[in-house]
Amino acid sequence: MGTKTVDESGADSGTEAKTDEEKVDVVKTTKATEAPEATDSDEVTENDEIEAEDEVTAEATEEGPTGVGQGAGAIVSVALGLVSLTGGWIGTVAAARETLVGQLETASNASVAQQIKEVYGDAWQTSAVWAGVFALAALIVGVVVLARPAFGAPGKPQATWIKSVAWGGVALGVIGLLLAVLKYTDVLLGLPTAS
């Protein structure tokens, strides 16, 4: 019996050892299977995020142009129109240069009418020419922005604000061009006559 007890206890201890090992194996197996599942779910989450980003990029590409260039063109058109009405530094410098040239080229014994024309008249016309150049540029840019949707993607309407600003640029260009022509031909604020 003593041997049996030892054998039983040995067998029991062997069984317990197997049970402990089985428990360890089961725990290792469970942890091993859980870890890949967690990794798989992390990968799935990352893959879902990447796919969502790809879908957003694809939708943005499908939408086509955003109108940023057209909006910028409309604003440039208005700015050029305002410069044509108020005068820019290029026109001011060109007029001042023409005044200087007129002073240098006019003889001291020239008539008063000749001096007025050479010194002030040419400078006035030079500023009118530069105002006309800016007005024409505003008009062209505004018309191009308004005509752009006809050559773009079909079914993509132009934003209302872009149309409004472009029409404003066209209007300022037309007014500036009209004033420049009137200024150049001396219809508007002509030079005084010398008597």
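Residues numbered from 1 in each chain as written. Predicted model: local features only at pLDDT ≥ 70, side-chain atom pairs only at ≥ 80, totals over all residues. Heavy atoms only, no water.

Teacher, can you tell me more about the environment of G169 here?
Counting through the fold element by element, G169 comes out in helix α5 (residues 160–184). Judged by relative accessible area, G169 falls into the buried class, the value being 0%. Along the primary structure G169 and L139 are separated by 30 residues, whereas in three dimensions their C-alpha atoms are 6.6 Å apart. Excluding residues within four positions of it along the chain, G169 makes contact with S77, V78 and A138. (Helix = DSSP H or I, 4+ residues; strand = E, 2+ residues; numbered from the N terminus. Buried < 20%, exposed > 50% of the residue type's maximum accessible area, 1.4 Å probe, protein only. Contact = heavy atoms within 4.5 Å.)

Explanation requested: a nonpolar patch on the surface in the structure shown.
Together, L85, I175, L179, L188 and L189 make up a nonpolar patch on the protein surface, roughly 410 Å² of accessible area in all. With respect to the secondary-structure elements, L188 resides in the segment after α5. (Patch = residues over 30% accessible without salt bridge, like charges linked within 9 Å, V, L, I, M, F, W, Y side chains within 5 Å. Areas by Shrake-Rupley, 256 points an atom, 1.4 Å probe, with all protein chains shown as cover. Salt bridge = Lys/Arg side-chain N within 4 Å of Asp/Glu carboxyl O.)

Honestly, the packing of helix α2 (residues 68–86) against helix α4 (residues 112–151) in this entry has me stumped. Any pointers?
The relative placement of two packed helices is expressed as an angle between their axes plus a distance between the axes. At a minimum axis distance of 8 Å, the contact between α2 and α4 shows a crossing angle of 160°. As the angle between them shows, α2 and α4 are arranged roughly antiparallel. Handedness of the crossing formed by α2 with α4: left-handed. Residues Q70, G73, A74, S77, L80, G81, V83 and S84 of α2 pack against A131, F134, A135, A137, A138, V141, G142, V145, R148 and P149 of α4. Classifying every residue of the contact of α2 with α4 gives 11 nonpolar, 6 polar and 1 charged. (Axes fitted to C-alpha atoms, helices over the stretch in contact; angles between N-to-C directions. Parallel < 35°, antiparallel > 145°, perpendicular 65-115°, else oblique. Left-handed = near helix turned anticlockwise from the far one by under 90°. Nonpolar A, V, L, I, M, F, W, Y, C, P; charged D, E, K, R; others polar.)

What am I meant to see in helix α3 (residues 89–105) here?
An α-helical turn contains 3.6 residues, so any two residues separated by three or four positions project in the same direction. With 17 residues, α3 ought to run about 24 Å at 1.5 Å a step, and its terminal C-alpha atoms sit 24 Å apart, in line with that. If you check which residues of α3 are buried, you get G91, A94, A95, T99 and G102. Considered in projection along α3, the buried side chains sweep an arc of 145° and stay on one side of the axis. Of the residues in α3, the exposed ones pointing more than 90 degrees away from the buried face are W89, R97 and L104. In the core, the buried residues of α3 are packed alongside α4. (Expected span 1.5 Å × (residues − 1). Arc of directions from axis to C-beta.)

Before we go on, may I ask you to explain α4 in this structure?
Given a rise of 1.5 Å per residue, 40 residues ought to cover 58 Å, and the 57 Å separating the end C-alpha atoms of α4 matches this to within 8%. A maximum bend of about 35° is found in α4 at E118. (Bend = angle between axes of the 7 residues up to and from the residue.)

Just to check I follow, could you spell out the environment of V165 for this structure?
Tracing the chain through its elements places V165 in helix α5. Judged by its relative accessible area of 25%, V165 is partly exposed. Here the alpha-carbon distance between V165 and S77, two residues 88 residues apart in the chain, equals 8.2 Å. Excluding residues within four positions of it along the chain, V165 makes contact with A74, I75 and V78.

So what exactly am I meant to see when it comes to the packing of α3 against α4 here?
Their axes nearest at 8 Å, the elements α3 and α4 cross at an angle of 155°. On the basis of their axis angle, the class for α3 and α4 is roughly antiparallel. As α3 packs across α4, the resulting crossing turns out to be right-handed. Every residue of α4 that contacts α3 at I90, G91, A94, A95, E98, T99, G102 and Q103 is listed here: E118, V119, D122, A123, T126, S127, W130 and F134. Counted by class, the contact of α3 with α4 contains 7 nonpolar, 6 polar and 3 charged residues.

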